[in-house]
Amino acid sequence: MTIKIFVTATNTNIGKTYTTVALMQEAAKQGLRPAGFKPIETGVLNGKPADGTILLKTMQELNPSANELTIDDVVPIQFELPAAPYVAKGNKTISFDLIKEKLKKIEKVCDILFIEGAGGLLVPIEDNLFMIDLPAIFKVDRTLLISPSRLGSINDTLLSMEALTRREINFDLAINLYEDYESFEEVTLPYYKKAGESFYLLPRDLSKLISTFSNLHLQ
């Protein structure tokens, strides 16, 4: 049975695609066939989803079983306008039947599937439907919340964690060490330690994170 992980973040431009690629690479090192899936991508130019193209290229390099997949399998819903799906779709209705069909297709060729959201948790998709609703819709095993290391990130991280907790969504917190990483240990890390929050630091803890995900079906 395929392990499904929903990858989200505290906002846009936090590093979801970067993290998803790193997770796929580490999963392959641990003997798993990885795959990535981005159900909705906006800001698509000339029919080439930037994030989805990276995911497809990476998974096909790591997982020969995925070689027959196309970009339309990896990113079934594409919009040109770089905006929240609710806005980018205009008067169109987003087909979750199509998304689920493509999801099932990719599940058949991998052991672990990373499903990448768009933007943050409360990015709107349809009326009363947000990114935070996708873990339940896709019946994922775990959600991974990506947070940046920059100054000011604590507020957004706590708001996202509160939203996930209120929805009773099981999640892990991972912090991407890239912005303000030189001052992270002095400026941001002390809060997480004092508050007793459990978290992973990336890329340092990639191996540990994949091992955690691999054990989900054993629990």
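Residues numbered from 1 in each chain as written. Predicted model: local features only at pLDDT ≥ 70, side-chain atom pairs only at ≥ 80, totals over all residues. Heavy atoms only, no water.

## A closer look at the packing of aromatic side chains
How we decide: In this analysis, rings of Phe, Tyr and Trp, with Trp reduced to its six-membered ring, are considered paired at centre separations within 6.5 Å, and the interplanar angle assigns stacked below 30 degrees, edge-to-face beyond 60, and tilted for intermediate values. Charge-over-ring contacts are defined here by two conditions on Lys NZ or Arg CZ: a distance within 6 Å of the ring centre and an angle within 35 degrees of the ring normal.
The tally for this structure, following the rule as stated, stands at 2 aromatic pairs. Where Tyr192 meets Phe199, the ring centres are 5.8 Å apart and the plane angle is 50°; that geometry is what we call tilted. Within the aromatic cluster, the residues linked to one another by ring pairs are Tyr191, Tyr192 and Phe199. The ring of Tyr86 has Lys89 lying over it, and the distance from NZ or CZ to the ring centre is 5.2 Å.

## Some words on the side chain of Ser149
To keep it simple, the criterion reads: Helical segments are the DSSP runs of H or I of at least four residues, strand segments are the runs of E of at least two, and each set is numbered from the N terminus. Relative accessibility under 20% of the residue-type maximum defines a buried residue, over 50% an exposed one, and the middle range a partly exposed one, all with a 1.4 Å probe and only protein chains included. For the purposes of these results, a polar contact is taken to be a pair of N or O atoms within 3.5 Å, where, inside protein, one atom must be able to donate a hydrogen and its partner to accept one; residues adjacent in sequence count only when each atom of the pair is a side-chain atom. A contact between two residues is defined here by any heavy atoms of the two lying within 4.5 Å.
Relative to the helices and strands, Ser149 resides in the loop between strand 8 (142-148) and helix 7 (153-166). Looking at Ser149, the relative accessible area reads 1%, which means it is buried. A distance of 3.1 Å separates a polar side-chain atom of Ser149 from the backbone oxygen of Asn176. Reaching out from Ser149, the side chain makes a polar contact with the backbone nitrogen of Tyr178 at a distance of 3.2 Å. Those residues in contact with Ser149 that sit more than four places away from it in its chain are Ile175, Asn176, Leu177, Tyr178, Glu179, Asp180, Tyr181, Phe184 and Thr188.

## Some points on a positive patch on the surface
Threshold: Each patch groups residues whose relative accessible area exceeds 30% and which form no salt bridge, using 9 Å between like charges and 5 Å between nonpolar side chains of Val, Leu, Ile, Met, Phe, Trp and Tyr. Areas reported here follow the Shrake-Rupley algorithm with a probe of radius 1.4 Å; residue values treat only the protein chains shown as occluding. Any carboxyl oxygen of Asp or Glu that lies within 4 Å of a side-chain nitrogen of Lys or Arg is treated as forming a salt bridge with it. In this charge count, Lys and Arg are treated as positive and Asp and Glu as negative; neither His nor the chain ends contribute. Just so you know, the charge point we use is NZ for Lys, CZ for Arg, CG for Asp and CD for Glu.
Taken together, the side chains of Lys100, Lys104, Lys108 and Lys139 present a region of like positive charge at the surface. Within the secondary structure, Lys108 sits in the loop between helix 5 (96-107) and strand 5 (112-120).

## Things to note about the pattern of salt bridges
For the structure shown, the criterion picks out 13 salt bridges. Between Lys38 and Asp51 there is a salt bridge; the shortest N-O distance is 3.0 Å. Taken as a pair, Lys38 in the loop between strand 2 (34-37) and strand 3 (40-41) and Asp51 in helix 2 (residues 50-62) lie far apart in primary sequence, 13 residues in all. Look at Lys38 and you get buried, because its relative accessible area is 4%. A salt bridge links Arg166 to Glu162; the shortest N-O distance between them is 3.1 Å. In this pair, Arg166 and Glu162 are both assigned in helix 7, 4 residues apart and thus about one turn of the helix distant. Residue class for Glu162 comes out partly exposed when judged on its relative accessible area of 41%. Linked by salt bridges that have partners in common, Lys38, Asp51 and Glu116 make up one network.

Purely geometric stuff here, so don't read any function into it on its own.
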